[in-house]
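# Notes for the structure review
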Amino acid sequence: MKTIFIKLSALSVLFFFLIACNDDFLDQHRQDAVSTSNYWNKRENIESNLAAIYSVNIFEKWEHIRLLVPEFLRGDDCFPEHFVGWYGRTGNFTNNSSYEGSCENKIWEKYYRGIFYANQVITYTPESEGVPAAVKDSLVAEARFMRGYYHFELYKHFRNIIYMDILPQSLSELYPPQTPVDQILGKLEADFKFAAAYLPEQWNADNVGRATKGAALGYLGKSYLWFKEYVKADSAFNAVENLNQKYKLVSASNWGKQFYGTLENSTESIFEIQFRQKDVADNRYNMLQFVFTPYHWGEMVVSDTLFNAFIEEVGTDNKWDTRLTQSVAWYDSLEVDFKGEKIIGTIVGNNEAIIQAKDIPYYKTTFEEYGVKQARRAGLDFYHSNWIKHRWIKKYTEVGSDFVGDEMTGVNFIRMRYADLLLMHAEA
């Protein structure tokens, strides 16, 4: 009897525990493990996630090329030398996001990845217990700027997009319907206005390149301009021009240096993607030079429309506008009639241009050496091929430093500069 009583007592105690506790009792958590409940309490962890948001612009060796090249190919400035491969399809507007290696596929994939990273920071940072409120506002503002920036770029490329301003918690939220076009501006406006309210006008030297109040206001104005809200655009651009952190145009003699790596983050820079040549392990180098220059792919050929527009401009020395020789490189011996003077193109146009090109590694030797190699690869006679008549983009070729390999440079890519903003303001 005693044994039975003990067994029954043990069963009753077990039954009591079973009915007195819920499933949470069975969930055991390691106190030293990282989880969403403690990870976001540290500012350095939030900063690390902010870095991941920016990194989408420079993600992996080749992919940032696919993010940036369409902006050159879809205007009147240049065209692909060969209508093959992803650059040719992009130039012909025949590319699509279903093609794995396409520009569109990478733009869609990478920018939405950046938006996901931003939404994590925006969702979890306000709940952080270890970060002061003012700091949290600034960190969230930075993430909201990047969320607005990526959505604006997506709208620019696709028009019909999904504005992901939540962190999905269910399958239905992960695959929402497209956002009506008439609602996109309001969402961009909310993100950029919040960013402008809490971002600093400038960062210290260790944080150059991070989003600022000027960048937020600049993209707010640009968004208004794209949606034809001209009065609002005018107001936003005015706000940029009236900031205590004054932006100003660089001198004519320094204009090209903004694009060669010798005058980065200049007084014109409003938002600039930061590349570093030596960060090979982190893939933080720029490879646009590989696409632009004739020694490698040489696919980005400057159009006659752009070249002739430069020729028509009169520079301060009553000769060619210096922006021509800082923007375009060419070999051909075509005679150009400029103000009654016959100017013969040699390596890059004229003596001044040759001097400016000496410090640019890809242009240290003659174009003929490169052209012969390219022609031989294609089975062509260089002197009777179209190659000799081509002109190439000279921007984003690095000056005065050794390469890591043949194609990797540390030249930043300027997404918005003061000159752009002044032109947009004039349009508004």
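This part covers the overall build of the chain. On a plain count of helices and strands, the chain comes out with 17 helices and 8 strands. Counting across all 428 residues of the chain, residues that qualify as buried make up 48%. If you take every contact in the chain between residues at least 6 apart in sequence, the share linking residues at least 24 apart comes to 67%. Accessible surface, the chain as shown: approximately 21,800 Å² in total, 53% of it carbon and sulfur.

Attention now moves to the pattern of salt bridges. Applying the stated criterion to the full structure yields 13 salt bridges. The closest approach of N and O atoms between Glu153 and Lys156, which form a salt bridge, is 2.9 Å. Of the two residues, Glu153 and Lys156 both sit in helix H7 (residues 133-158), 3 residues apart, roughly one turn of that helix. A salt bridge links Arg417 to Glu268; the nearest nitrogen and oxygen atoms lie 2.6 Å apart. Here Arg417 is found in strand E8 (residues 413-417), whereas its partner Glu268 is found in the loop between helix H11 (230-241) and strand E2 (269-273), with 149 residues between them in sequence. What makes Arg417 buried here is its relative accessible area of 12%. Taken together, the shared-partner salt bridges in this structure form one network comprising Arg43, Glu47, Glu142 and Arg210.

Moving on to the packing of aromatic side chains. With the rule as written, the count across this model stands at 22 aromatic pairs. An angle of 55° between the planes, with centres 5.8 Å apart, marks the rings of Phe145 and Phe192 as tilted. Pair noted here: Phe145 is in helix H7 and Phe192 is in helix H9 (residues 181-198), with a separation of 47 residues, a long-range link. Of the two residues examined, Phe145 and Phe192, each falls in the buried class. Residues Phe152 and Tyr219 carry aromatic rings whose centres are separated by 6.0 Å and whose planes lie at 75° to one another, so their mutual orientation is edge-to-face. Taken together, the residues span a long stretch of sequence, with Phe152 in helix H7 and Tyr219 in helix H10 (residues 213-226) at a distance of 67 residues.

Before going further, it helps to spend a moment on helix H3 (residues 43-55). Along its 13 residues, H3 runs 18 Å from first to last C-alpha, staying within 8% of the 18 Å computed at 1.5 Å per residue. Residues of H3 that are buried include every one of Asn45, Ile46, Asn49, Leu50, Ile53 and Tyr54, and no others.

Two quantities define a packed helix pair, namely the angle between the helix axes and the distance between the axes. Contact pair H3 / helix H6 (residues 103-124): the axes reach a minimum separation of 8 Å and the direction vectors enclose 160°. With respect to each other, H3 and H6 are oriented roughly antiparallel. In this structure, H3 meets H6 at a crossing whose hand is left-handed. Contacts between H3 and H6 pair Ile46, Asn49, Leu50, Ala52 and Ile53 from the former with Gly114, Tyr117, Ala118, Gln120 and Val121 from the latter.

Turning to the side chain of Asn119, a few remarks are in order. You can see Asn119 is positioned in helix H6. Given a relative accessible area of 3%, Asn119 falls into the buried group. Of the polar contacts made by the side chain of Asn119, one reaches the backbone oxygen of Met164; its length is 2.9 Å. At 3.1 Å, the side chain of Asn119 and the backbone oxygen of Ile166 are in polar contact. Those residues in contact with Asn119, other than ones at most four positions away along the chain, are Arg147, Met164, Asp165, Ile166 and Leu167.

Counting buried residues in E2 gives 5 out of 5 residues, a clear majority hidden from the surface. With 4 bridges joining them, E2 and E8 adopt antiparallel strand pairing. Directly across from Phe271, in E8, lies its bridge partner Met416.

Quick look at a nonpolar patch on the surface now. On the surface, Leu171, Leu174 and Tyr175 cluster together into a nonpolar patch covering about 390 Å² of accessible area. Along the chain, the position of Leu174 falls in helix H8 (residues 171-174).

Its location among the elements puts Glu142 in helix H7. Dropping the residues within four chain positions of it, Glu142 is found in contact with Leu50, Tyr54, Leu199, Trp203, Arg210 and Ala211.

Membership of the largest hydrophobic core comes to 91 residues, with the highest contact counts inside it found for Ile53, Phe145, Met300 and Tyr396. For this core, the element with the most residues is H7, which contributes 12 residues.

All right, on to the packing of H7 against H9 then. Put simply, H7 and H9 touch, their axes get as near as 8 Å, and they point 150° apart. Overall, the two elements H7 and H9 adopt an arrangement that is roughly antiparallel. The interaxial crossing formed by H7 with H9 has left-handed handedness. The segment H7 lies against H9, with Asp137, Ser138, Val140, Ala141, Arg144, Phe145, Arg147, Gly148, Tyr149, His151, Phe152 and Tyr155 engaging Val181, Ile184, Leu188, Ala190, Asp191, Phe192, Phe194, Ala195 and Tyr198. Tallied by class, residues from the contact of H7 with H9 come to 14 nonpolar, 3 polar and 4 charged.

Another point: unusual backbone geometry. In this model, Arg159 sits at a positive phi of 70°, which is unusual for a non-glycine residue. Relative to the elements of secondary structure, Arg159 occurs in the loop between H7 and H8. Owing to a relative accessible area of 46%, Arg159 belongs among the partly exposed residues under this scheme. In this structure, Asn265 is a non-glycine residue whose phi angle is positive, near 50°.

Take the environment of Leu217 next. Examined against the element boundaries, Leu217 turns out to sit in helix H10. Residue Leu217 is classed as buried on the basis of its relative accessible area, which comes to 12%. Ignoring sequence-local partners within four residues, the contact set of Leu217 consists of Ala196, Ala236, Ala239, Val240 and Leu243.

Parameters at a glance
Residues numbered from 1 in each chain as written. Predicted model: local features only at pLDDT ≥ 70, side-chain atom pairs only at ≥ 80, totals over all residues. Heavy atoms only, no water. Helix = DSSP H or I, 4+ residues; strand = E, 2+ residues; numbered from the N terminus. Buried < 20%, exposed > 50% of the residue type's maximum accessible area, 1.4 Å probe, protein only. Contact = heavy atoms within 4.5 Å. Areas by Shrake-Rupley, 256 points an atom, 1.4 Å probe, with all protein chains shown as cover. Salt bridge = Lys/Arg side-chain N within 4 Å of Asp/Glu carboxyl O. Phe/Tyr/Trp six-rings, centres within 6.5 Å; stacked < 30°, edge-to-face > 60°. Expected span 1.5 Å × (residues − 1). Axes fitted to C-alpha atoms, helices over the stretch in contact; angles between N-to-C directions. Parallel < 35°, antiparallel > 145°, perpendicular 65-115°, else oblique. Left-handed = near helix turned anticlockwise from the far one by under 90°. Polar contact = N/O pair within 3.5 Å; in protein donor to acceptor, adjacent residues only side chain to side chain. Pairing = 2+ DSSP bridges. Patch = residues over 30% accessible without salt bridge, like charges linked within 9 Å, V, L, I, M, F, W, Y side chains within 5 Å. Core = buried A, V, L, I, M, F, W, Y, C linked by side-chain atoms within 4.5 Å. Nonpolar A, V, L, I, M, F, W, Y, C, P; charged D, E, K, R; others polar.

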